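A look at the structure
These are the residues of each chain, in order.
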Amino acid sequence: MTTTAAPIDVPSTSQPRGGAEPPATDDPFLLDGYLRLPRVSGLTLSPDGARLVTQVQVQARDGKTFTSSLWEVDPHGQRPARRLTRSSAGESLAAFLPDGSLLFTSTRRDPDLEPPPADGEEPTGLWRLPADGGEAVPLLSAAGGIEKVVVADRAGTVALSLPTFKEASSLEEDAARGKARQELGVNARLFDSYPVTWWDHWQGPRYRRVWAAPPPAADGAGMELRDLTPDAGTDLPDDSEFALSADGATVVLGWARGRRRYIDLMAIDVAGGARRLLCRADEADFNLPVVAPDGGTVACVRTDWGNAERPFCARLWFVPIEGGEGRDALPEEVQLWPVELLFTPDGSALLFTADDHGEHPVFRLELGLPDAGAQAAARLTRLTASGAYTDVRISPDGRTLYALRSSLTAPPAVVAFSATGADQAPPALPSPGPIVSAPGRVERVRAKVGDIDVEGWLTLPEGASAGSPAPLLLFIHGGPLASFSGWSWRWNPQLLARRGYAVLSADPALSTGYGDGMIRRGWRQWGGTPYSDLMAILEATVQRPDIDAGRTAALGGSYGGYMANWIAGHTDRFRCIVTHASVWALDQSLGTTDFSPWFEAEMGDPHTPEGLANLMAHSPHLHVGNIHTPMLVIHGELDRRVHISEAMRLWNDLCKHEVPARFLYFPDENHWILKPPNIRLWYETVFAFLDEHLRDRPFEAPALLR
């Protein structure tokens with residue numbers, strides 16, 4: 001086994017940034033400063049290309065939550081960023097209308113409504129901020145919330161995802177039904193379909209429907225909504241997206257089918273409501289649609305679920321909007337899994353992002369060229385050299401791209417770059433918040449396993465050297481179809497580097513961005529090749545003189561937590577293990593997770609002998625008798641992806657076998673830890689646990705947990 005290293009590209013810090021700089025005493029990689037860092041997300045560009053708007057989350061004054069506001073960023077990088085909205089309720093889901101006015105959602109109070117709600121909770125409203133400034137005007141109120149806002153580029157037609165009661169024919173009727181339940185204190189739900197939970201919530205009593213309206217009037221008059229999916233019931237899944245053609249005539253959306261909830265792609269006529277099926281395939285989903293500027297073609301992502309014979313696979317798919325045979329848009333040898341899709345304004349190319357060897361770059365695919373030979377290879381250009389890019393937007397002339405860029409060393413920031421140049425490293429535009437200087441340097445590491453390179457990122461603390469080697473933490477990603485490529489607000493290696501730890505963020509078998517062969521190596525064997533890959537890159541890394549091979553720990557969440565549990569039962573290599581939101585008993589987890597068909601497609605049906613045998617061959621709980629390593633178990637009560645019963649059974653088994661362990665339980669968190677005080681407690685507990693076992697310090701629980 002060998003290891004190689006190369007420095008990571010760090011974005012330039014010489015560009016001016018808007019927003020207030022933190023006090024000089026604030027360290028952004030100690031918890032106080034870290035929790036105060038602005039969290040930039042989402043990006044929308046005005047039709048004339050003159051204005052960029054992003055959403056910024058900051059810690060609320062009471063310290064209990066995060067609150068959001070909208071900020072404008074100068075696309076030319078000359079002016080500092082400026083704040084557009086301000087309210088305690090916060091604003092999100094920004095979208096420009098063709099006239100330059102800005103739509104957004106908020107639960108802020110409409111001053112013209114009297115009296116305030118009896119329960120004190122305002123419904124979510126859609127607001128319009130005039131292009132030339134002034135007060136925002138409310139357009140509609142949705143008691144069930146607003147999930148997504150899409151505006152037709154040319155026509156200005158607005159499409160909205162609004163959860164409503166199945167039989168409600170208007171938002172007013174929906175609000176009345178909700179009020180009747182509230183007044184009687186009724187929270188019951190009656191189900192006749194699967195699934196009944198999703199990530200952090202129970203389904204119902206409201207379900208997703210898509211509504212459309214003409215462009216709102218400049219005087220703030222209400223919107224005339226048309227329900228495009230009155231008979232949807234439970235068939236618009238929470239994980240499906242929808243798109244609107246530039247002329248506002250057609251909505252394209254995902255429609256779930258059967259218990260396994262395969263997502264078909266449907267086109268709906270906005271004016272008359274007629275619908276037609278665009279894409280359907282057994283054991284496959286069609287999602288993330290975008291409509292070409294001329295309205296003739298839909299691009300989407302086709303994901304084949306996989307089965308016992310073939311692994312999961314995602315492909316870029318094109319289909320005529322009037323229906324017909326779809327086609328794979330990429331050459332067969334290009335094994336990228338597209339995530340965000342965007343046509344250029346003239347329709348001559350398609351832009352998308354995808355994992356690629358520990359990065360998440362932007363790609364450009366030229367259209368209308370033959371799918372063969374050298375020309376096929378020339379059709380695809382990787383536009384960005386390094387980093388993780390999201391929320392890609394394009395200027396009206398098609399020459400400039402805007403996006404949010406992050407890396408393991410820097411949180412998301414707005415950048416601008418050419419829509420055609422290869423391997424670019426764009427500097428940040430003046431954006432809200434300060435530039436941060438990461439304390440740990442990041443290097444690429446590799447381990448040779450047979451003819452495969454297992455890759456990862458190594459974050460080293462300042463001062464790590466042969467004379468002062470650093471203890472090493474192995475980070476294991478979730479998914480399992482995922483990759484370490486960008487900034488994480490929870491599993492952040494820089495906070496640990498600031499405390500003197502080295503962090504190995506590894507991409508074993510089942511990681512995305514390394515071709516279909518990397519998925520095939522780990523398919524249906526969660527505890528097999530992924531485990532041996534992790535141990536291989538760990539052992540290669542600890543050969544470095546700046547790493548202390550005798551002080552190592554493993555940490556993971558979700559599938560990473562599963563792997564942490566598997567590691568605990570298969571090696572005593574680590575001094576301690578942190579397992580968060582983790583699967584412990586595979587047969588049990590498949591019965592309690594929010595959507596078991598996904599996992600059954602890979603690991604097998606526990607009601608068949610073959611499926612049960614495969615599940616038991618890879619279930620960590622059967623190896624509890626081999627666990628001697630101290631463990632920290634962390635779980636949230638509201639987690640529906642990995643049910644709290646997994647943590648309860650894990651904790652019981654560890655106690656029964658007298659494994660030294662601790663259990664950090666959050667009754668008000670889900671698969672993620674989202675509230676600032678809980679984020680602090682999460683990190684403080686993990687820090688104390690690691691210090692106890694890697695530095696021989698007495699465990700000191702956070703003050704609020706004593």
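The numbering scheme is per chain: residues are counted from 1 as the chain's sequence reads. The predicted nature of this model means local features are confined to residues of pLDDT at least 70 and side-chain atom pairs, given and counted, to a pLDDT of 80 or more, with totals for whole chains, interfaces and linings taken over all residues. The side-chain figures draw on all heavy atoms in the structure; neither hydrogens nor water molecules are used.

**Structural notes on the sheet that holds strand E24 (residues 349-353)**
Whether two strands pair depends on DSSP finding at least two bridges between them. To qualify as a helix, a DSSP run of H or I must reach at least 4 residues; to qualify as a strand, a run of E must reach at least 2; elements of each kind are numbered from the N terminus. Here we have 4 strands laid out as an open sheet, ordered E23-E24-E25-E26, and antiparallel in their pairing. Two strands close off the open sheet at either side, each with one partner strand: strand E23 (341-343) and strand E26 (380-382). Shown here is a sheet whose adjacent strand axes are inclined to one another by a mean of 20°, direction ignored. Across 3 bridges, the pairing between E23 and E24 is antiparallel. Directly across from Phe343, in E24, lies its bridge partner Leu350. Axes here refer to lines fitted to C-alpha atoms; in helices the fit is confined to the stretch in contact. Angles between the N-to-C directions go from 0 to 180 degrees.

**Observations regarding unusual backbone geometry**
A cis amide bond links Tyr194 with the next residue in sequence, Pro195, at an omega value of 0°. By secondary structure assignment, the location of Pro195 is in the loop between helix H2 (171-184) and strand E11 (197-198). Geometrically, the link from Gly204 to Pro205 is a cis peptide bond, its omega value of 0° lying close to zero. Within the secondary structure layout, Pro205 lies in the loop between strand E12 (201-202) and strand E13 (206-213).

**Examining the environment of Gly398**
Mapping Gly398 onto the fold places it in the loop between strand E27 (388-394) and strand E28 (400-406). Along the chain, Gly398 and Ala470 lie 72 residues apart, while their C-alpha atoms are 48 Å from each other. For Gly398, the residues in contact, after removing those within four places along its chain, are Pro345 and Ala419. Pairs of residues are marked as contacts when any of their non-hydrogen atoms sit within 4.5 Å.

**A short note on the sheet that holds strand E16 (residues 250-257)**
Strand order in this open sheet of 4 strands is E15-E16-E17-E18, and the pairing throughout is antiparallel. One side of each edge strand has no neighbouring strand; the edge strands of this open sheet are strand E15 (242-244) and strand E18 (275-279). Direction aside, the axes of adjacent strands within the sheet are offset by 30° on average. Examined bridge by bridge, E16 and strand E17 (residues 262-269) share 8 bridges and lie antiparallel to one another.

**Here's the deal with the side chain of Arg208**
Along the chain, the position of Arg208 falls in strand E13. Nitrogen and oxygen atoms within 3.5 Å of one another constitute a polar contact, given that in protein one can donate a hydrogen and the other can accept it, and given that sequence-neighbouring residues count only through two side-chain atoms. Here the side chain of Arg208 touches Glu147 through a polar contact of 2.9 Å, side chain to side chain. In terms of polar contacts, Arg208 uses its side chain to reach the backbone carbonyl oxygen of Asp238, at 3.3 Å. What Arg208 contacts, discounting residues up to four positions off in sequence, is Glu147, Ser161, Leu162, Pro163, Ala232, Gly233, Leu236, Pro237, Asp238 and Ser240.

Honestly, that's just the spatial picture; any functional story needs more than this.
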